[in-house]
Each structure stands twice: as C-alpha cells, then as structure tokens.
Amino acid sequence: MRTSAALLTLENLSVRYGEVRAVEAVDLTVGVGEVVSILGANGAGKSSLLRAISGEAGHVDGRVSLRDVDLLKGPRYGVARRGVAHVMEGRRVIPTLSVIDNLLLAANASRRVSRGSVPGALEEMYAYFPRLRERQSQAAGLLSGGEQQMLAIGRALMAKPDLLLLDEPSMGLAPIMIEEIYDILRARDGILGECSVLLAEQSAAVALSVSDRAYVLSRGSVVFEGQASELDAGRVAAAYLQG
Ligand SMILES: Nc1ncnc2c1ncn2[C@@H]1O[C@H](COP(=O)(O)OP(=O)(O)OP(=O)(O)O)[C@@H](O)[C@H]1O
Ligand SMILES: [Mg+2]
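This write-up is about the structure you can find in this document.

Quick notes on the rules
Residues numbered from 1 in each chain as written. Chains lettered and ligands numbered in written order. Predicted model: local features only at pLDDT ≥ 70, side-chain atom pairs only at ≥ 80, totals over all residues. Heavy atoms only, no water. Near = heavy atom within 4 Å. Polar contact = N/O pair within 3.5 Å; in protein donor to acceptor, adjacent residues only side chain to side chain. Areas by Shrake-Rupley, 256 points an atom, 1.4 Å probe, with all protein chains shown as cover. Helix = DSSP H or I, 4+ residues; strand = E, 2+ residues; numbered from the N terminus. Nonpolar A, V, L, I, M, F, W, Y, C, P; charged D, E, K, R; others polar. Buried < 20%, exposed > 50% of the residue type's maximum accessible area, 1.4 Å probe, protein only. Pairing = 2+ DSSP bridges. Axes fitted to C-alpha atoms, helices over the stretch in contact; angles between N-to-C directions. Contact = heavy atoms within 4.5 Å. Core = buried A, V, L, I, M, F, W, Y, C linked by side-chain atoms within 4.5 Å.

Quick notes on the site of ligand 1
Right, so step 1: By nearness alone, 15 residues border ligand 1, and G43, K46, S47, S48 and E89 come closest of all.
Right, so step 2: Between G43 and ligand 1, the recorded distance is 2.8 Å, taken from a backbone N or O atom to an oxygen atom.
Right, so step 3: Between an oxygen atom of ligand 1 and a main-chain N or O atom of A44, the distance comes to 3.1 Å.
Right, so step 4: Protein chains bury 63% of the 640 Å² of accessible surface belonging to ligand 1 in isolation.
Right, so step 5: Looking at the shell around ligand 1, the elements with two or more residues in it are β2 (20-31) and α1 (46-54).
Right, so step 6: Here the shell around ligand 1 takes four residues from α1, the largest share from any one element.
Right, so step 7: Here the shell around ligand 1 is built from residues that sort into five nonpolar, six polar and four charged.

Section: the pairing of strand β6 (residues 84-87)
Right, so step 1: Residues V84 and H86 line one face of β6 and the alternating positions A85 and V87 line the opposite face, and both faces are buried.
Right, so step 2: Pairing geometry for β6 and strand β7 (residues 163-167), over four bridges, is parallel. The residue bridging V87 from the neighbouring strand is L166, located in β7.

Considering the sheet that holds strand β10 (residues 221-227)
Right, so step 1: One open sheet accounts for six strands, arranged β6-β7-β8-β3-β9-β10; its pairing is mixed. In the strand order of this sheet, the two ends are held by β6 and β10, each with one partner. With direction set aside, neighbouring strand axes in the sheet form an average angle of 15°.
Right, so step 2: The pairing of strand β3 (residues 35-39) with strand β9 (residues 213-218) spans four bridges and is classified as parallel. By the bridge assignment for β9, L39 is matched with V216.
Right, so step 3: Across the face of the sheet, helix α6 (residues 145-158) comes into contact with β6 and β7 while running at roughly 170° to β6.

A closer look at the sheet that holds strand β1 (residues 6-17)
Right, so step 1: The strand order β2-β1-β4-β5 describes an open sheet built from four strands, whose pairing is antiparallel. The sheet terminates laterally at β2 and β5 (69-70), the two strands that pair on one side only.
Right, so step 2: Summarising the sheet, strand β4 (residues 59-66) and β5 pair through two bridges and their orientation is antiparallel. Bridged to L66 within β5 is V69.
Right, so step 3: In the packing of α1 onto the sheet, the strands contacted are β1, β2 and β4, and the crossing angle to β1 comes to about 115°.

Concerning the nonpolar core
Right, so step 1: In terms of nonpolar packing, the biggest core is built from 53 residues, with L39 and L164 touching the most fellow members.
Right, so step 2: It is α6 that provides the largest number of residues to this core, a total of seven residues.
Right, so step 3: Apart from the residues lying within four places of it in its own chain, the contact partners of L164 are A85, V87, A156, L157, L192, C195, S196, V197 and L198.

Structure follows, in structure tokens:
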C-alpha cells in the first residue's frame, strides 16, 4: 500500500512568531499512505510545523508542497480543498451540536465529497466507530475526552483527505483510550484507506508503534530522522534534551 512517491514535501521550512523562532529550516517528506511522526518535548515546534502546512501558523518561510502544488502560495481554504485535514490540539468538535451533525457538517463543508456520497460515508464512519453511532444524538460537548478525540478524527476523515495532520491525539487520555484512538492508525485497511498521516506527539512510544518513519524536533530543528523501527523511546527522550 505504501509507495515511495512523496505526497508532502517540506523544504527549509521555518516558522516565526515575532521574535520567537518556533521551527528552523526543517526538511521533511510524507509518502503516499505513510504514517510519519514528529516527536519532541513541550514547545519543540510540533504544532507550529503542522499549522504551517494548513496555513494557520505565524510567519512561514520555505516550501510546503503537496504533490507538485505549493500550499504556501494559495489561500488557506485551498489547503483543505487540496485534501489536507488538520485535527488540532485539544479535540476540536462543535460542543453544542450533536455527534451526527458534527460529522455531517464536516462532510458537507468539503468540496471533495459529493452530496450523494455523504450517507454512505456516515455509515462507514459508524461501522468503524460504533461508539459514535451509539452517541449520535448527544451533544458533542457531553462526550468523554476520548470520544471527542474520536469524533474530531471522524470529522476530519469525513472530508476524505489525502493527508491527515494529527496533533497530540493522546493528550489527556487514559491508556486504554489512547490504544483505541491509535487503532485507527494501525488498521491500514480500515477507515484511513490510502490517507497519509503526519502525527505530532510527545509520547514517543505510542507514536512509534504506528509509524513508518519519525522525525525528532528539538527547539524547532530536526535532531533525528529515520525509520520508526530504528528509534526507541529512550533514544528519543535523550534527543528531547539536546539543543
Ligand atoms: N501563537 C504563538 N505566538 C507566539 N509564540 C508561539 C505561538 N505558538 C507557539 N509559540 C511558541 O513557539 C514555540 C513552539 O511551540 P509549539 O506549540 O509549536 O510546540 P509544540 O511542540 O507543539 O509543544 P506542545 O508539546 O506543548 O504542544 C514555543 O516556544 C511556543 O511558545
Ligand atoms: Mg503542540
């Protein structure tokens, strides 16, 4: 399923917020169907890197290419239309809307999904996340933290992205729920299909367990990159302290 063709290429990417240099000269690729992790301590620049791709970061320099298209050149909404979905830190769902309305809104807002295919996409989502079907009429704000994370990922996948940017999905969740969330990334023939994933995590062990490759960021710079199988969580923790 994985190929060597690059879907996403970052070249010499830097992000600044005024005087703060959050990301410095990062080169990174994500292949079609690949799961790639960005690991790093608090403040390393993981979220800034993901936000630079979806057009949400501060001042961005360098190149962000999706296939051959430069994402930095077009408008921000163009990024979603080109097939990038971003699940930000902190489980962004619409708390006052029901679970089903959260999912339908995400699908209907996407130009990549035809109206006629929405019911089928919803059924597919429920088949994969029975918990969301059980809770479909409840307000999203009443779900547990893990269920909200599941819904946030479900919303992103309803838009049928080619690239899923996933920011700290494990944050604040109990270990059993983290496993359930990460099962989404493990089942490559499941709901994810051919979608590539760029995953930001502080928790190296769980991220490495689902990743093909990983990059370790320290103070905005890449201090290690390689196959996930070459890295162990202890080595990553040591890299967190560098820089
Ligand atoms: N909107 C902002 N304005 C100013 N500085 C910011 C902003 N967002 C992030 N930063 C700074 O940029 C640096 C990188 O932050 P970022 O949130 O990207 O790191 P992170 O690796 O995602 O951290 P965490 O693990 O805590 O989520 C930090 O020094 C942070 O304080
Ligand atoms: Mg972050």
